[in-house]
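# Coordinate inspection notes
Okay, here's what each chain looks like letter by letter:
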Amino acid sequence: MLKKIKAIPVSTYRKTVSSRRTVKDALDVLKNNGILMIFPEGGLYKTDEIVNIKSGASFFSVKAKVPVLPVAIIGTKNILPKGRIIPRTGKIIINVGCIINPADDIESMSYLVVNSLNKLMIGDVK
């Protein structure tokens with residue numbers, strides 16, 4: 001299914017997927033005016049506050065000089081709790097933030113993304 005939606009595989013295990021290939025494929029998408037969706041948290045968390053994110057989204061934004069559109073998906077922990085295979089019924093809220101133009105460096109961009117995502121997680125949508 002992931003191949004049909006043109007997903008770019010990313011592995012947490014170094015030898016499974018070439019990280020150079022992943023970066024090249026992602027930059028090619030952005031160079032061709034494509035859309036790249038990244039889940040910057042890199043895992044599941046017990047709280048709704050985002051403290052740290054992986055630097056991928058910020059890296060691609062700064063490197064390709066493309067903006068980021070932050071989106072928070074709230075309620076998924078109740079729909080599919082850790083360890084469950086079959087989802088439950090429930091409510092999911094999707095909050096969409098304002099576009100963030102690329103910063104000069106990855107660290108600054110990461111700060112902007114985390115700040116925006118945390119506001120979206122508490123429903124501070126403007």
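Residues numbered from 1 in each chain as written. Predicted model: local features only at pLDDT ≥ 70, side-chain atom pairs only at ≥ 80, totals over all residues. Heavy atoms only, no water.

### With respect to the pattern of salt bridges
In total, this model carries two salt bridges according to the counting rule given. In this structure, the salt-bridge partner of R21 is D25, at a minimum N-O distance of 3.3 Å. Of this pair, R21 and D25 are both found in helix α1 (residues 19-31), four residues apart, which corresponds to roughly one turn of the helix. Here D25 falls in the partly exposed class, since its relative accessible area comes to 22%. Notably, a salt bridge pairs K24 with D28, separated by 2.7 Å at the nearest N-O pair. On the criterion of helical spacing, the pair formed by K24 and D28 is a turn pair, its members being four residues apart in helix α1. By relative accessible area, which is 43% here, K24 ends up partly exposed. With relative accessibility at 26%, the residue D28 sits in the partly exposed group. (Salt bridge = Lys/Arg side-chain N within 4 Å of Asp/Glu carboxyl O. Helix = DSSP H or I, 4+ residues; strand = E, 2+ residues; numbered from the N terminus. Buried < 20%, exposed > 50% of the residue type's maximum accessible area, 1.4 Å probe, protein only.)

### Remarks on the nonpolar core
If you look at the biggest cluster of nonpolar residues, it comprises 13 residues, and the most contacted ones within it are M109 and V113. Elements with a minimum of two residues in this core: β1 (71-74) and α4 (106-121). Among the elements that line this core, the one with the most residues is α4, at six residues. Beyond its immediate stretch of four places on either side in the chain, M109 contacts S58, S61, V62, V68, I100, N101, P102 and A103. (Core = buried A, V, L, I, M, F, W, Y, C linked by side-chain atoms within 4.5 Å. Contact = heavy atoms within 4.5 Å.)

### Focus: unusual backbone geometry
Unlike most non-glycine residues, K6 shows phi in positive territory, near 60 degrees. In this structure, K6 sits in the segment before α1.

### Things to note about helix α2 (residues 56-64)
Counting along an α-helix, one turn takes 3.6 residues, and residues three or four places apart therefore face a common direction. By the burial criterion, the buried members of α2 are A57, S58, F60, S61 and V62. Structurally, α2 contributes buried residues whose contacts are with α1 and α4. Where α2 ends, the next residue or the one after it, K65, has phi of about 55 degrees, a positive value.

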